[in-house]
Structures are given as C-alpha cells and as structure tokens.
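Per-entry structural report
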Amino acid sequence: MSKTTLFIAIVGVQGVIALFLLYRIFSKPDVFGTAISVAPMSKELLKENVQSRLKHYYEPAPNSTIRDPDWSKLYHGEYRINGDSLREDQEYSVDKDADVFRIIALGDSWTYGLFVDGDNIWPEFLERKLNDSERCNVYEKYEVINLGFPGYDIQYGVERFRLRGQKYDPDLVIWLLKDDDFLEMRDRTSEKEAELIQEMKASGEYDALVKEGVPYPQAEKMYKFSLELRDEVGTDTFLQQQEEYFNEIFNYYDNKLVVMNLYIKDPKMLSILSRKVKEREMAVLSEFSNVTKIPDASFIPDDYHPTAKGHELLAEELFNQLYENNIIPCEE
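For every chain, the first residue of the written sequence is number 1, and numbering continues from 1 along that sequence. Side-chain atom pairs in this predicted model are given and counted only at pLDDT of 80 or more, local residue features only at pLDDT of at least 70, and totals for whole chains, interfaces and linings cover all residues. Values reported for side chains reflect all heavy atoms of the structure, with hydrogen atoms and water molecules removed beforehand.

What follows concerns the overall build of the chain. Within the chain, the regular secondary structure consists of 10 helices and 11 strands. Taken across its 332 residues, the chain has 56% of its residues classed as buried. Should any heavy atoms of two residues lie within 4.5 Å, those residues are considered in contact. When contacts within the chain are restricted to residue pairs at least 6 apart in sequence, long-range pairs at least 24 apart make up 72% of them. Of the roughly 14700 Å² of accessible surface on the chain, 46% is carried by carbon and sulfur atoms. In this text, helices come from DSSP runs of H or I with a minimum length of four residues, and strands from runs of E with a minimum of two, each type numbered from the N-terminal end. For every residue, the accessible area (1.4 Å probe, protein chains only) is compared with the maximum for its type, and the residue is labelled buried under 20%, exposed over 50%, or partly exposed between those bounds. Only the protein chains shown count as covering a residue, and every accessible area follows the Shrake-Rupley method with a 1.4 Å probe.

So, in structure tokens, the structure goes:
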C-alpha cells in the first residue's frame, strides 16, 4: 500500500464526518486532575506532506478554514490557515529584516489555540506584549510565528519545525511541552488505530457508540493499546526514544531553545529536560499557573484547554520569565 493510500485509510472514518486527531480519552485522568477531551477535525482539511520522513505525519491544508463540527459546544468560530499551513492570518517572508527578532512557537493544541480565536492564543498575546512593552526596545519588531497543531507529539513537533519552521531563521524557538507529549508516539500507533476502527465497524460496536454520541469510539481501545506499547517497550526505553526524537531538533536549529514546561512533574521526564539544558543552549521555564484551577481560564468541566483568559495568563507569565532570565533582548 502506498504512503498516500495508507494515510487516507487511517484518517478515513466511513459514516463519520469528523476525524479526531487529538488522541485523548474521556475517562483518562491527566496531570490536571480532570478528564481530557478530543479535538475534532475534518479529514478533507488535512494534508500529507510528501517531504515528511514520517509515515503518518499530517498538517492542515494551506489556505484553508477549519471549523469545529456543529455538535461542538465550545467554539463556533474559524481556524484560518495561511499559505504555509500555519494558523496565522498573515504570510511571513522567509527573509528576515535586521531589525526583526523572530520567534517560532512549537507545540500541540495548546499552542495552536483550540477553541479560541486566533487573536487570543498565547503566541499572539506574547507578540503583542513584546511589541507594546516599553521594556523591549532593542528591535523594531518582534514576531511570533505559530507552528502548533493538535495532536502533535515530540517527534511531530520536530518534523513540523524541519518542514515549516527552520526556513524562517528564528532567533528563538519556544516549545510548549506537557507530560502527554512524552507519552505519545503517533507514528507508531496510527496503523493500529485503523485496524481497531475496522474491527469495531465489523462488529457493530463502532456505529453503536456513534449513536450514543461518543465522538471518538476507538478512544478507550487506543488508550489500552498505548499502555500495552509502553509496557512492551519498557518505560525507560520509551522515554529514551522520546529523548532521541527531541535531540533531532538540534539538527535543524542552533540558536536558543526555550521549553515552556506546562506542569510536567514526572522525574524521568524532567531529567531529560535537565540533560538538554546542560548539553545545549536551552532553557526550561516552569513558573506557570495551572489554568485548569483558575475560574474561567479553561473550559473545565467540558475540556481542559485554556480559554482566552488562560492563554493571556500564560503569555504574561512567559513574557516575565523571558525578560527576567535575559532570554529575549529587550533593553539597550
């Protein structure tokens, strides 16, 4: 089977309009102490990038507009995608002016800005903060280019930067990571997901769950499979593989890297980040409020993603840490 055919087979869900890219399970407790929901996305708005080295890598279609399905109660706006497959209203020149400080934002749905308008996500708030602050006057302009997309794990984040980010020659990369980013290997689980869907359809289980209103019928089985995969590989080996994926970003980028650590507590995951700080020009910023514990800063109880208020808070705290740690040139 060709790569394109296999990709279509995986993402195609017969009789179901929405494709759920952001792998989560409603019954799975997360680091925030609440249930995790999924992010729906139409398969027609996804594209295989033929330049990708990965078997099942996906991106949003360039020059497209994505909308959540009608049953979604959280957001009825639009996700506008520019010509370079980024959630940006504008196009960015590859050539960077000398008086521009350029930042790339990497991550998953928390960077992409699921369920909020494009002007109300932390990369946009940070860009405005940098340009409006009297403390930052070294450069004429600060740009923050958003490469985030739902469901991306560490390996897909690196691939996104390789394919889309490195050409912009950023002065700084900020990568928002959570614990689940260390626990996912999308390229290794996609084929199993297709098999599960086929099996569930053959038995009638899939359609029965759809009628009950379950938006991601294969979720529970996929969660069990992911646990089995980690048990089979071994947690240490699994995390070692994630560290190797993480290291690959330094093949394409040699300036400052900042990891925006959102609530990672696992000692082994933190150890990986600590090693990178010692080995590379990298910083880890961790002083962020848990938006799921702040009224109106997330969509709790329906979903754990940040609202506009949560994004603004994260951007404010990120700006302060960047400034206090002299990571961004702000004052002459």
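Having seen the model, we can carry on.
Let us now look at a negative patch on the surface. Judged by side-chain charge, Asp 95, Asp 97, Asp 99 and Glu 140 come together as a negatively charged surface patch. Here Asp 97 is to be found in the loop between strand 6 (79-81) and strand 7 (100-106). Each patch is built from residues that are more than 30% exposed by relative accessible area and take part in no salt bridge. Like charges join if they lie within 9 Å; nonpolar side chains (Val, Leu, Ile, Met, Phe, Trp, Tyr) join within 5 Å. Salt bridges are counted wherever a side-chain nitrogen of Lys or Arg sits within 4 Å of a carboxyl oxygen of Asp or Glu. In this tally, Lys and Arg are treated as positive and Asp and Glu as negative; His is ignored, and so are the chain termini. The atom standing in for a charge is NZ when the residue is Lys, CZ when it is Arg, CG when it is Asp and CD when it is Glu.

With that settled, the discussion passes to the side chain of Arg 160. As for its position among the elements, Arg 160 is in helix 4 (residues 154-165). In this structure, Arg 160 is in contact with Tyr 57, Glu 59, Pro 60, Ser 85, Leu 86, Leu 147, Gly 148, Tyr 152 and Gly 165, ignoring residues within four places of it in sequence.

Within helix 4, 12 of the 12 residues are buried, which leaves it mostly tucked inside the rest of the structure. Those residues of helix 4 not exposed but buried are Ile 154, Gln 155, Tyr 156, Gly 157, Val 158, Glu 159, Arg 160, Phe 161, Arg 162, Leu 163, Arg 164 and Gly 165. Looking at the buried positions of helix 4, the neighbouring elements they touch are strand 4 (59-60), strand 7, strand 9 (172-177), helix 5 (186-203) and helix 8 (235-247).

Here we take up the pairing of strand 9. Consecutive side chains of a regular strand alternate in pointing toward one face of the sheet and then the other. Across the six residues that make up strand 9, a large majority, six, are buried. Here strand 9 shows no split at all, with Leu 172, Ile 174 and Leu 176 on one side and Val 173, Trp 175 and Leu 177 on the other all buried. Of the strand pairs in this sheet, strand 7 and strand 9 are connected by four bridges, and their pairing is parallel. By the bridge assignment, Ile 104 is partnered in strand 9 with Val 173. Strand direction decides the pairing type here: strand 9 and strand 10 (residues 256-261), joined by six bridges, are parallel. Note on strand 10: the bridge partner recorded for Leu 176 is Met 260. Strand pairing requires that DSSP identify at least two bridges connecting the strands.

Each aromatic pair joins two rings of Phe, Tyr and Trp (for Trp, the six-membered one) with centres within 6.5 Å, and gets the label stacked for planes under 30 degrees apart, edge-to-face for over 60, and tilted for any other angle. With the rule as written, the count across this model stands at 20 aromatic pairs. With a centroid separation of 5.8 Å and 80 degrees between ring planes, the pair formed by Phe 115 and Phe 299 is classed as edge-to-face. Here the residue Phe 115 occupies a position in the loop between helix 2 (109-112) and helix 3 (122-132), and Phe 299 occupies one in the loop between strand 11 (282-285) and helix 10 (308-324), the gap between them amounting to 184 residues. Here Phe 299 falls in the buried class, since its relative accessible area comes to 15%. A connected cluster of aromatic rings, assembled from ring pairs, spans Tyr 57, Tyr 58, Tyr 75, Tyr 79, Tyr 112, Phe 149, Tyr 152 and Tyr 156. Distance and angle both matter: a charge sits over a ring if NZ of Lys or CZ of Arg is within 6 Å of the ring centre and within 35 degrees of the ring normal. Taking NZ or CZ as reference, Arg 87 lies 5.3 Å from the ring centre of Tyr 112, over its face. Lying across the ring of Tyr 323, Arg 135 places its NZ or CZ 4.2 Å from the centre.

A general feature of soluble globular proteins is that nonpolar side chains tend to end up buried together. Throughout this description, the term nonpolar core refers to a set of buried Ala, Val, Leu, Ile, Met, Phe, Trp, Tyr and Cys residues connected via side-chain atoms within 4.5 Å. If you look at the biggest cluster of nonpolar residues, it comprises 32 residues, and the most contacted ones within it are Ile 174 and Leu 322. Going through the elements one at a time, strand 7, helix 3, strand 8 (141-146), strand 9, strand 10, strand 11 and helix 10 are the ones with two or more residues in this core. In terms of residues, this core owes the most to one element, helix 10, which gives five residues. Beyond its immediate stretch of four places on either side in the chain, Leu 322 contacts Leu 126, Leu 172, Ile 174, Val 258, Leu 285, Ile 327 and Ile 328. Membership of the second largest hydrophobic core comes to 30 residues, among which are Leu 106, Leu 177, Met 269 and Ile 272.

Residue position: Ser 271 is located in helix 9 (residues 267-279). Of the residues examined, Ser 271 reaches a relative accessible area of 29% and is grouped as partly exposed. Two N or O atoms form a polar contact when they lie within 3.5 Å of each other; inside protein one atom must be a possible hydrogen donor and the other a possible acceptor, and for residues adjacent in sequence the pair counts only when both atoms belong to side chains. Within the local environment of Ser 271, its side chain forms a polar contact with the side chain of Arg 275, the two groups lying 3.0 Å apart.

What follows covers the sheet that holds strand 7. Pairing is parallel across the open sheet formed by five strands, whose spatial order is 8-7-9-10-11. Bordering the open sheet on either side are strand 8 and strand 11, each of which pairs with just one other strand. Averaged over all neighbouring strand pairs, the angle between strand axes comes to 20 degrees, with direction disregarded. Looking at chain direction, strand 10 and strand 11 are connected through four bridges and run parallel. Within strand 11, the residue paired with Met 260 across the bridge is Leu 285. For helices, the fitted line uses only the C-alpha atoms of the stretch in contact; every axis is such a line through C-alpha atoms, and the angle between N-to-C directions lies from 0 to 180 degrees. Against the sheet, helix 3 makes contact with strand 7, strand 8, strand 9 and strand 10, and its axis sits at roughly 175 degrees relative to strand 8, the strand it touches most. Contacting strand 10 and strand 11, helix 9 crosses the sheet at an angle of about 145 degrees to strand 11.

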